[in-house]
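Listed here are the chains, written in short residue letters.
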Amino acid sequence: MTVLVTGGSGYIGSHTCLELLNAGYDVVVIDNLCNSSPKSLQRVEELAGGKHIPFYQADVRDRAALTKIFEEHTIDFVIHFAGLKAVGESVAKPLAYYDNNLNATMTLCDVMGSHGCKRIVFSSSATVYSGDNKMPLSETSKTGNCTNPYGWTKYMGEQILRDIAKADPEWSVCNLRYFNPVGAHESGLIGEDPKDIPNNLMPYISQTAIGRRDHLSVFGNDYDTPDGTGVRDYIHVVDLARGHVAALSYLQDHKGECIFNLGTGVGYSVLDMVHAFETANGVDVPYEIAPRRPGDLPTVYSSPEKSRQVLGWEATYSLEDMCRDTWHWQSLNPNGYQD
Ligand code: NAD
Ligand code: WQD
C-alpha cells in the first residue's frame, strides 16, 4: 500500500513517514519546502534502514505536479499535512493562509478523485474547538468561533472534506484533531526546526536551554489554573505519528467522515513544562512572567477515549520522554537541519 504524504518533510510529516515505513507502507512525499528542509527525509530514509522515499518538491496547489505524482504511482491513501501554521502570521496575512491551506486541500481532493483515490487523513487541530466548551474536549464538543484565520482554515478544511464525503459515499475522510505536538524521534536525527523565533512553547524552551534565546516569556500567571499559567495537552510527536498509522487501518474498511482527537487527555501548565524540562535534562530554563498572549485560553485538553476505543490507539510516551527527546534533538542539532 502506498501513501502520498503532503508536507511530508515537515515536523509531524517526517515522523509520520518514518512510522509508515516501519509499518510496511510505501511512502511518496510532496512538499514545497516553504517551512522544512530536504534533510529531514534523508534522515528518515536512514532511520528506516535505507528505504527510499520518492520526493516531489512542488506546491500542493500545483495541479500538474500532483497529476504527475498520481500518474507515476498508485496511491492508496493520502495524509495531508501541507499547510501554513503560524497563528500570528495568519492574522497579518489572512489571504496567504486561506489561499495556501484551502486551495491546496481542494486541488488535492480534486486530483485524488479523478484518479480514483478517495481515502484521506487531514491534519486538523484542537484550535477548531470553540473556546466556550467544558474540558475535556470530545469530538462532539462545539466547534467554531475560531480566533484567527489559521484556525478557520482548519475548520473550513474539515468542512470541505465532510461535504466531499457526503456527496460521494466512496470517500473515506478522517479529520484528526491534534492537541500540542512536542518532542522528537528518540534518535535525535529528526525533530522540530522552526525557521524563525518559535511561536510554540516547547521549541522556545529548548532554544532557551541551549542559549539561542535569553529567557522564556511565560504568557500570564493569573489564569484560573493550579499555578496560574496556561494548561495544554502535550503529545509526543511519535505517538501522534502512530495515530496516523492507526487512522489508515481504520480507513481501510470505513467510508464517510470520521473525527478523532489525538491527545493524551492530561493537561500540564507552562511551569510544569519548564520544570519537567529542567529535571529531565539537567539544564536551566530562565523565564520571566509576561502579559497574557491575546487569544489564549486558560486550559485546553482532550478526551482521548474515542481514539482509544475506535482506533485502538493511545499515547504511550510520558512528559519526561517528551522533554528528553526534545533536548536530544536540540543538543545534537543546535541550529536544526542547518548543522
Ligand atoms: P510544518 O510546517 O513543519 O510542516 C508543514 C509542511 O508543509 C512543511 O514542510 C511545508 O514546507 C509544507 N507546505 C506548506 N504549504 C505547502 C504547499 N502549499 N505545498 C506543499 N507543501 C507545503 O508543520 P507541522 O507542525 O509538521 O504541521 C503539519 C500539519 O499539522 C499542518 O497542517 C499543521 O497546521 C497541522 N497541525 C500542527 C500542529 C502543531 O502544533 N505543530 C497542531 C495542529 C495541527
Ligand atoms: C502553549 C502554552 C502559551 C509560548 C498553538 C496553536 C494551535 C496549535 C498548537 C496548530 C500557552 C504558553 C507559549 C511562549 C508561553 N497549532 N507559552 N510562552 O497556544 O496551545 O496552540 O499551537 O494547530 O492552533 O494556537 O500552543 O505552544 O503556542 O502555547 O508562555 O513563548 O504555552 O500561552 O499557554 P497553543 P503554544
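Provided above is the structure to which this section pertains.
In this text the structure is predicted, and so the values were computed from the model without any measurement.

*Asks:* Break down the overall build of the protein for me, with residues and values.
*Replies:* When its secondary structure is counted, the protein shows eleven helices and 13 strands. Compactness check: the protein gives a C-alpha radius of gyration of 19 Å against a globular reference of 20 Å for 339 residues, within 12% of the reference. Expressed along its principal axes, the backbone C-alpha trace of the protein runs to roughly 55 × 45 × 40 Å. Evaluated residue by residue, the protein yields a buried proportion of 55% over its 339 residues. In the protein, once contacts between residues fewer than 6 apart in sequence are set aside, the share between residues at least 24 apart is 79%. Accessible area for the protein stands at about 14,100 Å²; split by element, carbon and sulfur atoms hold 49% of it.

*Asks:* Please give an account of the pattern of salt bridges that cites residues and values.
*Replies:* Here the structure, examined in full by the defined rule, presents 18 salt bridges. Of the charged contacts in the structure, one is a salt bridge between D110 and R63, with a shortest N-O distance of 2.7 Å. On the criterion of sequence distance, the pair formed by D110 in helix α5 (residues 94-114) and R63 in helix α3 (residues 63-72) is long-range, its members being 47 residues apart. According to the relative accessible area criterion, R63 is partly exposed, its value standing at 42%. The partner of K85 in a salt bridge is E192, and the shortest N-O contact between them spans 3.8 Å.

*Asks:* Tell me about the site of ligand 1, and please be specific about residues and values.
*Replies:* Near ligand 1 you find 26 residues, and of these D31, N35, S36, F81 and Y150 are the closest. The separation between a nitrogen atom of ligand 1 and a polar side-chain atom of D59 is 3.0 Å. Alone, ligand 1 offers 820 Å² of accessible surface; in the complex the protein occludes 96% of this. Per element, the largest residue contribution to the shell around ligand 1 is three residues, and it comes from strand β5 (residues 119-125). Counted by class, the shell around ligand 1 contains eleven nonpolar, eleven polar and four charged residues.

*Asks:* Explain helix α8 (residues 237-252) to me, using residue names and the numbers behind them.
*Replies:* Between its terminal C-alpha atoms α8 stretches 23 Å, which fits the 22 Å expected from 16 residues at 1.5 Å a residue. With 13 of 16 residues buried, α8 lies mostly within the body of the structure.

Conventions adopted
- Residues numbered from 1 in each chain as written.
- Chains lettered and ligands numbered in written order.
- Predicted model: local features only at pLDDT ≥ 70, side-chain atom pairs only at ≥ 80, totals over all residues.
- Heavy atoms only, no water.
- Helix = DSSP H or I, 4+ residues; strand = E, 2+ residues; numbered from the N terminus.
- Rg over C-alpha atoms; globule rule 2.2 N^0.38 Å.
- Buried < 20%, exposed > 50% of the residue type's maximum accessible area, 1.4 Å probe, protein only.
- Contact = heavy atoms within 4.5 Å.
- Areas by Shrake-Rupley, 256 points an atom, 1.4 Å probe, with all protein chains shown as cover.
- Salt bridge = Lys/Arg side-chain N within 4 Å of Asp/Glu carboxyl O.
- Near = heavy atom within 4 Å.
- Polar contact = N/O pair within 3.5 Å; in protein donor to acceptor, adjacent residues only side chain to side chain.
- Nonpolar A, V, L, I, M, F, W, Y, C, P; charged D, E, K, R; others polar.
- Expected span 1.5 Å × (residues − 1).

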